[in-house]
Amino acid sequence: MPKSSRYQKVCDVFTNKVIACHKDTYLSDAVKLMRAHNVSAIFIKEQQDVIGVWTESDCMKLDFTNHTINGLTLESVMTCPVLTISSQRLLSDAALIFHQNGVRHLLVTNKSGFACGVISVSDIVRNQGLDHYLQFRAINEQYNKDVLIVSSEMVVTDAIKLMRERNDKAILVFNEQLKEHGIITQRDLLSLILEHQGDGICWDFACRAIYQISSTGSLFDAYRLMSNNNVRHLVVIDNKQIMGVLSLDHLVNEIESAYCCELEKVLEQRDVALQHSQRNLYLANKIIDSSLDGIMITSQEGVIVQVNPAFTQLTGYKEFEVIGKGPNILSSGRHDKQFYIDMWHEITTKGVWQGEICNCKKNGDLYVEWLTIIEIKEPHNEELLYAAIFSDITERKNAEEKIVQLAYFDELTGLPNRRLFNDRLQMALATAHRDSTMLAVMFIDLDRFKEINDTLGHSAGDCLLQLVAKRIQCILNEGDTLARLGGDEFVVLFDVDSFEYVSEVAETILNKLNAPFLLDSAQVGVTASIGAAIYPEDGQDSETLLKHADIAMYRSKEQGRNSFQLFKSSMNARSLERLAMMSRFQYALENDEFELYFQPKLNLKTKRIQGVEALLRWQDPTLGMISPAHFIPLAEELGLIVRLDLWVIEQAGKELAKWQTLGIDAGRLAINISACHLSQGKLVSNIEQMLNRYQLPGKLLEIELTESSFISSFSQAKKQLQQIKSLGVNVALDDFGTGYSALSYLTKLPFDTLKIDASFIAKVPDEYGNSEIVAAIIALANNLNLLVVAEGVEKASQQAYLQSLSCDVIQGYYYCRPLTQRQWIKFYTQFSQQLLHKK
């Protein structure tokens with residue numbers, strides 16, 4: 001059987017014309033109706049119901065000797081019940097019914113069960129595409145060789161009786177006089193019903209248009225001859241001799257035989273396929289049940305028909321709680337109607353949808369799932385199924401959000417970090433450029449934050465940063481951005497309409513931060529240095545604006561902290577100079593670009609040199625002479641101040657050794673030591689090693705320290721100063737009165753000398769209050785037996801006033817400017833000669 005016909009349905013080939021009449025219709029009238037419509041069967045109705053069928057083959061059941069045969073009604077001769085078949089059944093199913101019940105016609109019904117047509121054996125034969133098969137089947141194997149041949153003079157009713165007894169569908173009639181043959185078939189018996197010729201002879205009744213075919217022909221040739229001439233019987237001849245009769249039933253039987261063989265194969269294949277399908281179904285169910293992903297299968301109407309154990313574990317719903325219900329039982333209400341419209345549009349057009357969706361568990365918890373919905377359609381089944389496969393990705397989403405939070409937000413304060421701030425700054429610059437507006441970038445750096453960390457601990461420092469962030473945030477307007485760049489550095493981005501507004505914001509922030517912070521029951525005061533740059537005046541791009549705001553902030557620190565500076569172009573030049581210094585500083589230190597200058601001190605009583613202070617100078621080949629006020633803070637920032645101290649100590653040792661060789665007796669050589677060097681605890685050993693290396697007595701050296709050197713760790717400073725004193729080295733307190741002075745230091749620490757800062761000396765004797773302070777310091781030092789040195793003496797009036805106060809020593813331009821080594825030696829020689837000349 002051709003494979004293509006296997007899946008043909010009844011609706012593909014049936015005749016949608018049902019010829020029917022009432023059960024009380026006379027048989028003769030029914031026959032006339034059949035002939036008029038050229039059909040071989042007629043159906044009998046009672047009201048709207050089909051209750052029976054009468055066909056041409058039913059003629060064999062009639063008694064044609066009964067002259068009242070045409071008066072019979074259909075109800076008395078019909079066959080019932082009527083066999084039916086659905087229009088959606090396969091032709092193979094119809095063929096099987098024909099074969100099992102020995103009938104030639106089936107009533108076709110639609111989906112609602114109502115009659116809609118008729119299908120016959122001929123319809124199946126015509127539509128099975130059996131040409132190739134019939135061409136290979138010979139006639140001599142199929143026809144009826146035991147055909148009945150009767151005399152032309154035999155009474156018709158007798159011939160019909162013989163047909164009925166032999167169950168023949170056709171007989172041949174021979175006319176000896178004419179030497180011709182005729183044929184009588186079941187269809188010819190219909191004429192007897194209409195013409196009442198039951199007592200006539202066969203020759204008058206027989207059909208003489210006999211169609212012949214050779215026994216060597218194929219069944220396809222026979223089928224084509226029958227179809228072309230609308231007959232059901234052919235006379236088979238061989239060498240002009242009648243061998244028998246081939247009827248359409250023989251073709252049908254052959255086809256049925258072939259169909260049965262094919263059906264057996266099909267059934268066998270179905271059994272194998274069923275076993276394979278059952279195995280696949282078993283494996284599929286096992287896989288579904290074992291899947292870690294939740295699986296839900298719904299019908300076309302949106303009813304849940306199956307779920308797996310993972311579904312229960314993920315949603316909390318048991319199987320019996322969801323079967324028969326809709327998937328909306330999981331709805332979270334987070335998605336609008338359009339979301340589901342778009343989802344189903346993609347499913348219907350593409351057959352699949354994938355995406356994230358928020359659903360609700362049985363306990364009310366919301367969760368995010370990755371959902372895949374697949375449309376499932378069987379090849380020969382119009383019903384659709386939908387499989388929803390999902391996994392809970394809530395933790396993954398939370399992790400992604402945390403990664404984003406870490407990538408774009410500061411973990412401590414929750415503020416945007418440098419990356420997010422740069423993104424927002426780029427967007428703000430694009431908007432400002434488009435709208436021709438201004439915006440400001442403001443750097444905020446907390447003053448002396450390291451001291452809070454070192455004193456109270458890092459946890460307190462972290463808490464302070466969080467509190468600072470909250471205070472600044474509450475000041476800013478909606479749309480402004482506050483970010484933490486790291487450490488104690490914050491940056492603000494906001495729109496401005498005037499320069500004055502930037503100053504107002506900065507002042508507000510400074511005032512807000514000046515209020516004490518409560519950290520672990522301790523109140524801590526905080527100040528900040530703020531710098532700002534404005535687009536477009538101070539920069540056209542983010543990098544330039546940030547750099548200029550940073551420069552302005554450092555300028556604010558240089559101006560004494562707790563202040564605000566708006567960027568000026570001169571600051572950039574200063575910053576570039578500072579950057580150049582930073583790049584050159586370490587090279588200068590390693591290549592002896594520094595040198596010592598010497599400034600002698602005059603004893604006002606003896607008029608002799610009372611020591612010399614070594615002053616550090618840096619002569620850069622490119623930048624020229626650089627002031628210590630510039631490079632000393634730079635050395636501290638770069639962490640090179642101790643190395644610079646060591647260089648000074650070493651050069652002082654060399655100079656003192658040279659003095660001894662030249663016979664220079666100028667008292668002690670004073671050098672300045674950084675607070676960092678003292679706090680590291682190695683100052684004593686470094687000085688001792690230098691003295692030993694150059695074989696110098698300690699009495700030739702004096703170290704000068706500021707109050708910041710010991711204010712943070714008094715006990716450690718006291719211990720080291722006592723060790724320095726044990727080496728014979730003098731200790732001087734420099735810049736007295738400019739820091740957080742405490743008079744108790746003068747009695748508790750082993751100072752030898754007290755140096756009054758030049759800022760006080762510059763205002764004597766003209767300024768009343770300042771002059772009294774200087775007089776008080778000198779009186780205090782004299783009472784404590786401390787040598788007093790007044791720095792910055794530049795006028796004769798200042799010297800006279802200090803001398804009247806019994807000041808011991810003066811130092812300044814009035815007496816002598818700082819000198820190079822050669823100038824100093826020349827000065828000392830001339831000064832010594834003048835003393836000898838006076839004597």
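In this text the structure is predicted, and so the values were computed from the model without any measurement.

A. Main features of the overall build of the protein. Helices and strands together make up the secondary structure of the protein, namely 30 helices and 33 strands. Against the 2.2 N^0.38 benchmark of 28 Å for 839 residues, the protein shows a C-alpha radius of gyration of 61 Å, more extended than a compact globule. If you line up the protein on its principal axes, its C-alpha atoms span 195 × 55 × 50 Å. Evaluated residue by residue, the protein yields a buried proportion of 45% over its 839 residues. Across the protein, every contact between residues at least 6 apart in sequence was considered, and the portion connecting residues at least 24 apart equals 60%. Accessible area for the protein stands at about 43800 Å²; split by element, carbon and sulfur atoms hold 49% of it. Of note, the protein has its 82 positive side-chain charges centred 7 Å away from the centre of its 104 negative side-chain charges.

B. Structural context of the nonpolar core. By size, the foremost hydrophobic cluster in this structure holds 80 residues, and its most contacted members are Phe 594, Ile 703, Leu 802 and Trp 824. If you tally residues by element for this core, the top one is helix α22 (residues 641-662), at nine residues. In contact with Ile 703, other than residues within four places in its own chain, are Ile 671, Ile 673, Leu 683, Ile 687, Ile 724, Val 729, Asn 730, Val 731 and Ala 732.

C. Broad picture of the sheet that holds strand β4 (residues 84-86). Read from one edge of the open sheet, three strands run β4-β5-β6, paired in mixed fashion. Since the sheet does not close on itself, it has two edges, and those belong to β4 and β6 (115-120), each with one partner. Looking at each pair of strands side by side, their axes are set apart by 35° on average, direction ignored. Direction of pairing for strand β5 (residues 105-109) relative to β6: antiparallel, over a ladder of five bridges. Among the inter-strand pairings, His 105 is bridged to a residue of β6, identified as Ser 120. Contacts between helix α3 (residues 91-101) and the sheet are confined to β4, β5 and β6, with β5 contributing the most and set at about 140° to the helix.

D. Quick peek at the side chain of Ser 556. Tracing the backbone through its elements, the reader meets Ser 556 in helix α19 (residues 542-558). Ignoring any residue separated from it by four or fewer positions in sequence, one finds Ser 556 in contact with Ser 529, Ile 530, Arg 561, Ser 563, Phe 564 and Gln 565.

E. The sheet that holds strand β24 (residues 564-566), seen in detail. On the basis of which strands lie adjacent, the open sheet formed by five strands has the order β19-β20-β18-β23-β24 and mixed pairing. Unpaired on one side and paired on the other, β19 (481-486) and β24 mark the two borders of the sheet. Going from strand to strand, the sheet's axes swing by 20° on average, the running direction of each strand aside. Its contacts with the sheet put α19 on β18 (438-446), β20 (489-496), β23 (528-535) and β24, and the angle it makes with β23 is roughly 145°.

F. Spotlight on the packing of aromatic side chains. In the structure shown here, the tally under the stated rule is 14 aromatic pairs. Relative to Tyr 386, the ring of Trp 344 has its centre 5.2 Å away and its plane inclined at 85°; by these criteria the two rings are edge-to-face. Of the two residues, Trp 344 sits in helix α13 (residues 337-350) while Tyr 386 sits in strand β17 (residues 384-392), which places them 42 residues apart along the sequence. Assessed through its relative accessible area of 39%, Trp 344 is described here as partly exposed. Under the relative-accessibility criterion, Tyr 386 is labelled buried at 9%. Of note, Arg 471 hangs over the ring of Phe 517, and the distance from its end group to the ring centre comes to 3.6 Å.

G. Geometry of the environment of Val 764. Relative to the elements of secondary structure, Val 764 occurs in the loop between α27 (758-761) and α28 (768-783). Look at Val 764 and you get buried, because its relative accessible area is 2%. Once the C-alpha coordinates of Val 764 and His 99 are considered, the two residues, 665 residues apart in sequence, prove to be 139 Å apart. Apart from the residues lying within four places of it in its own chain, the contact partners of Val 764 are Asn 770, Ser 771, Val 774, Gln 798 and Tyr 801.

H. Here's a closer look at a nonpolar patch on the surface. Side chains of Tyr 282, Leu 283 and Ile 287 sit close together on the surface and give an oily, nonpolar patch of about 320 Å² of accessible area. The partly exposed category is assigned to Leu 283, whose relative accessible area is 36%.

I. Layout of the pattern of salt bridges. Going through the model one piece at a time under the given rule, you end up with 26 salt bridges. In this structure, the salt-bridge partner of Lys 23 is Glu 46, at a minimum N-O distance of 2.9 Å. You can see Lys 23 sitting in the loop between β1 (20-22) and α1 (27-37) and its partner Glu 46 sitting in strand β2 (residues 41-46), a full 23 residues away along the chain. Residue Glu 46 is classed as partly exposed on the basis of its relative accessible area of 35%. Here Asp 58 makes a salt bridge to Lys 61, at a shortest N to O gap of 3.3 Å. If you follow the salt bridges from partner to partner, you end up with Lys 601, Glu 613, Glu 702, Glu 704, Lys 755 and Glu 791 in one network.

J. Highlighting the packing of helix α24 (residues 683-694) against helix α25 (residues 714-726). Look at α24 against α25: their axes get within 9 Å of each other, and the N-to-C directions meet at 15°. Relative to α25, the element α24 lies roughly parallel. Crossing of α24 against α25: the hand is right-handed. Where α24 abuts α25, its residues Leu 683, Val 684 and Ile 687 lie against Gln 720, Gln 723 and Ile 724.

K. View of the state of the cysteines. Inspection of the entire model under this criterion finds zero disulfides. Between Cys 202, a cysteine without a disulfide, and Cys 207, which holds the nearest cysteine sulfur, the sulfur-to-sulfur distance is 14 Å. Take Cys 202: its relative accessible area is 0%, and that puts it in the buried class.

L. Broad picture of the pairing of β17. Strand direction decides the pairing type here: strand β13 (residues 294-299) and β17, joined by six bridges, are antiparallel. From the neighbouring strand, Met 296 faces β17, where its bridge partner is Ala 388. Relative to β17, strand β16 (residues 366-377) is paired through nine bridges, and the arrangement is antiparallel. The partner of Lys 377 across the bridge, within β17, is Leu 384.

M. Highlighting unusual backbone geometry. In the segment running from Cys 80 into Pro 81, the intervening peptide bond is cis, with an omega of -5°. Counting through the fold element by element, Pro 81 comes out in the loop between α2 (74-77) and β4. A cis amide bond, omega 0°, links Val 764 with the succeeding residue Pro 765. As for its position among the elements, Pro 765 is in the loop between α27 and α28. The phi dihedral of Asn 167 is positive, around 60°, even though this residue is not glycine. Tracing the backbone shows Asn 167 in the loop between α6 (156-166) and β8 (170-175).

N. Spotlight on the layout of surface pockets. In this model, the second largest pocket occupies a volume close to 690 Å³. Broken down by secondary-structure element, the contributors of at least two residues to the lining of the second largest pocket are β2, β6, α4 (121-127) and α9 (219-229). Sorting elements by how many residues they give to the lining of the second largest pocket places α4 first, with four residues. Here the residues of the lining of the second largest pocket sort into ten nonpolar, nine polar and six charged.

O. Expanded view of the environment of Ile 210. For Ile 210, the position within the fold is in the loop between α8 (202-205) and β10 (212-214). Between the C-alpha atoms of Ile 210 and His 181, which are 29 residues apart in sequence, the distance is 7.7 Å.

Procedures and definitions
Counting restarts for each chain: residues are numbered from 1 in the order of the written sequence. Two thresholds apply to this predicted model, a pLDDT of at least 70 for residue-level local features and 80 or more for giving and counting side-chain atom pairs, whereas whole-chain, interface and lining totals are computed over all residues. To obtain the side-chain values, all non-hydrogen atoms of the structure were included, while hydrogens and water were left out. A helix here means a DSSP run of H or I that spans at least four residues, while a strand means a run of E at least two residues long, and both kinds are numbered starting from the N terminus. Our radius of gyration looks at C-alpha atoms and nothing else; its globule reference is 2.2 Å times the residue count to the power 0.38. Between buried and exposed lies partly exposed: a residue is buried under 20% and exposed over 50% of the maximum accessible area for its type, with that area taken using a 1.4 Å probe on protein chains only. Only heavy atoms enter the contact rule, under which two residues are in contact if any of them lie within 4.5 Å. Each accessible area value is a Shrake-Rupley result obtained with a 1.4 Å probe; residue values ignore everything except the protein chains displayed when judging cover. Counted as positive: Lys and Arg. Counted as negative: Asp and Glu, with His and the chain ends omitted from the count. Working definition for charges: the position is that of NZ of Lys, CZ of Arg, CG of Asp or CD of Glu. Buried Ala, Val, Leu, Ile, Met, Phe, Trp, Tyr and Cys residues that are joined via side-chain atoms within 4.5 Å together make up what is termed a nonpolar core. Paired strands are those between which DSSP finds at least two bridges. Geometry is summarised by axes, namely lines fitted to C-alpha atoms with helices restricted to the contacting stretch, and by angles between N-to-C directions that run from 0 to 180 degrees. Pairing of aromatic rings covers Phe, Tyr and Trp, the last counted by its six-membered ring, and requires centre-to-centre distances within 6.5 Å; plane angles under 30 degrees mean stacked, over 60 mean edge-to-face, and any other angle means tilted. Note on geometry: a ring has a charge over it if NZ (lysine) or CZ (arginine) is within 6 Å of the ring centre and within 35 degrees of the ring normal. Nonpolar side chains (Val, Leu, Ile, Met, Phe, Trp, Tyr) are joined into patches within 5 Å and like charges within 9 Å, using only residues with over 30% relative accessible area and no salt bridge. One side-chain nitrogen of Lys or Arg within 4 Å of one carboxyl oxygen of Asp or Glu is enough to make a salt bridge. Convention used here: angles under 35 degrees read as roughly parallel, angles over 145 as roughly antiparallel, angles from 65 to 115 as roughly perpendicular, and any remaining angle as oblique. If you view the pair so one helix is near and one far, a crossing is left-handed when the near helix is turned anticlockwise from the far one by less than a right angle, and right-handed when it is turned clockwise. A pair of cysteine sulfur atoms is labelled a disulfide when the two atoms are within 2.5 Å. Definitions used throughout: a 1 Å grid over protein atoms alone; a cavity as a set of points that fits a 1.4 Å probe which cannot get out; a pocket as an open set with protein on both sides within 12 Å along at least five of seven lines; a lining residue as one with an atom within 4 Å of a point. Grid points are joined across faces, edges and corners, and a volume is the space filled by probe spheres set on the points. In this classification, Asp, Glu, Lys and Arg are treated as charged, Ala, Val, Leu, Ile, Met, Phe, Trp, Tyr, Cys and Pro as nonpolar, and every other residue, Gly included, as polar.

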